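Chains, contacts and geometry: an overview
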Amino acid sequence: MAAECSKSKCAILFAKIKESNNDVWPIVYSPNYNITFFGMEKLHPFDSTKWGNVFQYLQDSNMISKDTVVCPTEISKEQLLEFHTERYISSLNWSSKVAVITEVPPVACLPNFVVQRRLLSKLRLQTSGTIIAARLALLRQWSINLGGGFHHCSSDKGGGFCAYADISGALKTLKTEGLINSALIIDLDAHQGNGHQKDFKDTDWVHTLDVYNGSIYPGDYKAKEMRNLLAIELRSFTADEKYLDKVSNGLDRIFSMMGQSSPDIIAYNAGTDCMVGDPLGQLSISPQGIIRRDEMVFRLARERKIPIFMVLSGGYQPQTAQVIADSILNLKGQGLITREPNL
């Protein structure tokens, strides 16, 4: 394992974690996740300090501290090219391209070195965090990256504030290194996860459950041609009872699709833009509904003894961070996540 892990910075960090004691939670976070961009970040509905706010709420609740979480290092271009095309990564050297991807037009007017430093480096750091979280899940049965979930980005195209395909990258990295043979993506963000659907369109080793509002962005019908996809489209303003029933039913169905086989890992894209009042998700799930949803997914993973890593994805309201923190605290209270490894 140590030899395999020496292939990249993320892998080296993983090896160090493996050799360390169990004082750290398998929670990945860096204060450099947060984006401050001369105020331009406010031109997009995305709360660019959500990640730090989630950390702060968990710290205030005495669950974690900066010394008890895993801090990632930024992913390199070489690593990105393991799951992105050269042409796509090179296109990010044009600020106009980044402006389109992040949906913040004034970014096009800035020198690219500024865009790289103040924006893209933050997203690269979160991408590294997702890969580390995937590794940690194999080691500790569960993990959470307090960032990531850029599910609109594929190997050759970004969009919807998603510049790097962190979910695809994490799974492809584990598969390449022989750490997994199969995976399940559970995507419960309010938007279709078209990026990873395109990346795994013709593969047999990845199954995907995607429950989303079918009447909003991105409406990518081509991505829905993914071979092992179970897509459940919701109507706008769907509320708790119907939503949780759809998710529960979807979980049963996706495992039925997989037959006797069980995935080696679950990638859980836990977007909170399905919460009532979200301007982009346009669903009506209560904060308690979000908490029950996350508990449902983690309980399934626990009962089936499948490692799971969670990423935060979308969520565009000031109260979103508190709901995410409350959900993580509930998972802890229910005994579904613990500091000790090998649950």
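Everything in this summary refers to the structure shown in the same document. Sequence order as written defines residue numbering, which begins from 1 separately in each chain. Reporting of local features is limited, given that this is a predicted model, to residues whose pLDDT is at least 70; pairs of side-chain atoms are given and counted only at 80 or more, and all residues count toward the totals for whole chains, interfaces and linings. Calculation of side-chain values draws on the structure's entire complement of heavy atoms; hydrogens and water are dropped beforehand.

**Some words on the overall build of the protein chain**
Rules: Where helices and strands are cited, they refer to DSSP runs of H or I of at least four residues and of E of at least two residues respectively, numbered from the N terminus. Exposure categories follow from relative accessible area, calculated using a 1.4 Å probe and restricted to protein chains: below 20% of the type maximum is buried, above 50% is exposed, and the middle band is partly exposed. Surface accessibility in these figures is a Shrake-Rupley result with a 1.4 Å probe; residues are shielded only by whichever protein chains are displayed.
The number of helices and strands found in the protein chain is 12 helices and seven strands. Residue burial in the protein chain is summarised as follows: out of 343 residues, 61% are buried. Approximately 13,700 Å² of the protein chain is accessible, and the part contributed by carbon and sulfur atoms is 49%.

**Details of the environment of Trp205**
As a reminder of what qualifies: The criterion used for residue contact is that any of the two residues' heavy atoms lie within 4.5 Å.
Of note, Trp205 is situated in the loop between α9 (194–199) and β4 (206–213). Since its relative accessible area comes to 17%, Trp205 is described here as buried. For the pair Trp205 and Asn181, spaced 24 residues apart in sequence, the C-alpha to C-alpha distance is 6.6 Å. Setting aside residues no more than four positions away along its own chain, Trp205 makes contact with Leu171, Lys172, Lys175, Ile180, Asn181, Ser182, Ala183 and Phe200.

**Some points on the sheet that holds strand β3 (residues 183–187)**
Quick reminder of the rule: Pairing between strands is defined by DSSP: at least two bridges between the two strands are required. In this analysis an axis means a line fitted to C-alpha atoms, helices contributing only their contacting stretch, and an angle means the value between N-to-C directions, from 0 to 180 degrees.
Pairing within the open sheet is parallel, and its seven strands lie in the order β1-β2-β7-β6-β3-β4-β5. Each edge of the open sheet carries a strand with a single partner, namely β1 (27–28) and β5 (229–234). Packed on one face of the sheet, helix α11 (residues 287–304) meets β2 (142–145), β3, β6 (266–269) and β7 (308–311) and runs near 180° to β6.

**Description of the packing of helix α7 (residues 112–140) against helix α8 (residues 166–176)**
Stated precisely, the cut-off is as follows: Note on angle classes: values under 35 degrees are labelled roughly parallel, values over 145 roughly antiparallel, values of 65 to 115 roughly perpendicular, and the remainder oblique. By convention the crossing between two helices is left-handed if the near helix lies anticlockwise of the far one by an angle smaller than a right angle, and right-handed if it lies clockwise.
Two elements in contact, α7 and α8, have axes separated by 8 Å at closest approach and are oriented at 45°. Compared by their axis directions, α7 and α8 come out oblique. Handedness of the crossing formed by α7 with α8: right-handed. Each of Thr127, Thr130, Ile131, Ala134, Arg135 and Leu138 in α7 lies in contact with α8, whose residues at this interface are Asp166, Ile167, Gly169, Ala170, Thr173 and Leu174.

**Some remarks on α7**
Convention followed: Expected span, for any helix, means 1.5 Å times one less than how many residues it has. Note that bend, as reported per residue, equals the angle between axes fitted to the 7 residues terminating at that residue and the 7 residues originating from it.
Helix length check: α7 (29 residues) gives 39 Å between terminal C-alpha atoms against 42 Å at 1.5 Å per residue, within 8%. A maximum bend of about 45° is found in α7 at Leu120. The buried fraction of α7 amounts to 24 of the 29 residues, a majority that puts the element mostly inside the structure. In the segment just after α7, Gln141 is the residue with positive phi, at about 80°.

**Details of the pairing of β6**
Within a regular strand, the side chains alternate between the two sheet faces. We count it as follows: By definition, the crossover connecting two strands over a helix is right-handed if that path, from the first strand to the second, turns clockwise as seen with the strands pointing away from the viewer.
Of the two faces of β6, both are covered, the one formed by Ile266 and Tyr268 as well as the one formed by Ala267 and Asn269. Here four bridges tie β3 to β6, and the two strands are oriented parallel to one another. Considered in β6, the bridge of Leu184 is made with Ile266. As a crossover connection, the stretch from β6 through α11 into β7 is right-handed.

**So, the nonpolar core**
We count it as follows: Definition used in this section: a nonpolar core is a set of buried Ala, Val, Leu, Ile, Met, Phe, Trp, Tyr and Cys residues joined via side-chain atoms within 4.5 Å.
Ranked by size, the top nonpolar core spans 103 residues in total, and within it Leu146, Leu171, Phe298 and Phe309 carry the most contacts. In terms of residue count, α7 provides more of this core than any other element does, 11 residues in total. The contacts of Leu146, once residues within four sequence positions are left out, are Ile27, Val28, Tyr29, Tyr33, Trp51, Val54, Phe55, Leu58, Leu312 and Ile328.

**Section: the side chain of Asn34**
Quick reminder of the rule: Each polar contact in these results corresponds to two N or O atoms within 3.5 Å; when the atoms are within protein, one needs to be able to donate a hydrogen and the other to accept it, and residues that are neighboring in sequence are counted only if both atoms are side-chain atoms.
By the secondary structure assignment, Asn34 is in the loop between β1 and α3 (50–60). On the basis of relative accessible area, Asn34 is assigned to the buried category, the value being 17%. Separated by 3.4 Å, the side chains of Asn34 and Tyr29 make a polar contact. Sequence-distant contacts of Asn34, that is, excluding residues within four places in its chain, are made with Tyr29, Ser48, Thr49, Lys50, Trp51, Gly52 and Lys122.

**Considerations on the pattern of salt bridges**
Threshold: We define a salt bridge as a contact between a side-chain nitrogen of Lys or Arg and a carboxyl oxygen of Asp or Glu at a distance within 4 Å.
On inspection of all chains with the given rule, the structure shows 11 salt bridges. Its salt-bridge partner being Asp220, residue Lys198 comes within 3.6 Å of it at the nearest N-O pair. A residue pair is termed long-range when its members are at least 10 positions apart, and Lys198 in helix α9 and Asp220 in the loop between β4 and β5 qualify at 22 residues. Linking Glu233 and Lys224 is a salt bridge whose minimum nitrogen-to-oxygen distance equals 2.8 Å. Given the relative accessible area of 37%, Glu233 is considered partly exposed. With a relative accessible area of 31%, Lys224 lands in the partly exposed category. Each of Lys201, Lys222 and Glu225 takes part in a single network of salt bridges with overlapping partners.

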